[in-house]
Amino acid sequence: MSDREERFLTAKQLAEILQVSESTVRRLAQKRRIPSVRLTARIIRFHLDAVREALDVAKGFQSHHLQTDDAQLSFEDLLSS
């Protein structure tokens with residue numbers, strides 16, 4: 001694969017990378033918290049760099065607007081607004 005070629009992932013592949021369930025990936029896409037490309041009603045793809053950027057922005061937003069204690073935040077906590 002060339003450097004210029006864009007690589008899109010399935011929900012399953014992205015879920016493995018993010019270490020979450022496939023249903024979580026689909027739910028985040030449905031709520032437009034991560035970018036996705038819908039090819040058909042059932043086929044959805046994700047660009048890894050765009051997803052990482054969206055998650056970094058959400059994480060940065062949360063750290064500036066919430067005071068947290070030493071408790072561990074969940075994935076959903078990082079993405080809620």
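Please read all numbers here as calculations on a predicted model, not as lab measurements.

### What about the overall build of the protein chain?
Within the protein chain, the secondary structure is distributed over four helices and three strands. Each of the 81 residues in the protein chain was classed as buried or not, and the buried ones make up 22%. Contacts in the protein chain between residues far apart in sequence, at least 24 positions, make up 44% of those at least 6 positions apart.

### A short note on helix H2 (residues 22-30)
When we look at burial in H2, the residues that qualify are Thr24, Val25, Leu28 and Ala29. One side of H2 holds all its buried residues, which, seen down the axis, span an arc of 135 degrees. Downstream of H2 by a residue or two, Arg32 has a phi angle that is positive, lying close to 60 degrees.

### Here we look at the pattern of salt bridges
If charged atoms from side chains of opposite charge come close, those side chains can pair. In this structure the tally under the stated criterion is one salt bridge. One salt bridge connects Arg26 with Glu22, and the closest N-O pair in it is separated by 3.4 Å. In this pair, Arg26 and Glu22 are both assigned in helix H2, four residues apart and thus about one turn of the helix distant. Look at Glu22 and you get partly exposed, because its relative accessible area is 33%.

### Digging into the sheet that holds strand E3 (residues 44-47)
Pairing within the open sheet is antiparallel, and its three strands lie in the order E1-E3-E2. Each end of this open sheet is capped by a strand with a single partner; those strands are strand E1 (8-9) and strand E2 (37-38). Judged from the two bridges that link them, E2 and E3 form a sheet pairing that is antiparallel. Across the sheet, Val37 pairs through a bridge with Arg45, a residue of E3.

### So, the environment of Arg27
Examined against the element boundaries, Arg27 turns out to sit in helix H2. Separated by 3.2 Å, the side chains of Arg27 and Thr24 make a polar contact.

### Things to note about the nonpolar core
Formed by 13 residues in total, the largest nonpolar core has its most connected members in Leu14, Val25, Ala29, Ile34, Phe46 and Val51. Setting aside residues no more than four positions away along its own chain, Val51 makes contact with Leu14, Leu18, Ile34, Pro35 and Phe46.

### Section: a negative patch on the surface
A cluster of acidic residues, Glu6, Asp49, Glu53 and Asp56, forms a negative patch at the surface. Take Glu6: it is sitting in the segment before E1.

### Structural notes on unusual backbone geometry
Of note, Gln19 is a non-glycine position whose phi angle comes to about 60 degrees, a positive value. Locating Gln19 in the fold gives a position in the loop between helix H1 (11-18) and H2. The backbone of Arg32 sits at a positive phi, close to 60 degrees, despite the residue not being glycine. Mapped onto the elements, Arg32 comes out in the loop between H2 and E2.

About the cut-offs
Residues numbered from 1 in each chain as written. Predicted model: local features only at pLDDT ≥ 70, side-chain atom pairs only at ≥ 80, totals over all residues. Heavy atoms only, no water. Helix = DSSP H or I, 4+ residues; strand = E, 2+ residues; numbered from the N terminus. Buried < 20%, exposed > 50% of the residue type's maximum accessible area, 1.4 Å probe, protein only. Contact = heavy atoms within 4.5 Å. Arc of directions from axis to C-beta. Salt bridge = Lys/Arg side-chain N within 4 Å of Asp/Glu carboxyl O. Pairing = 2+ DSSP bridges. Polar contact = N/O pair within 3.5 Å; in protein donor to acceptor, adjacent residues only side chain to side chain. Core = buried A, V, L, I, M, F, W, Y, C linked by side-chain atoms within 4.5 Å. Patch = residues over 30% accessible without salt bridge, like charges linked within 9 Å, V, L, I, M, F, W, Y side chains within 5 Å. Areas by Shrake-Rupley, 256 points an atom, 1.4 Å probe, with all protein chains shown as cover. Lys, Arg positive; Asp, Glu negative; His and termini not counted. Charge placed at Lys NZ, Arg CZ, Asp CG, Glu CD.

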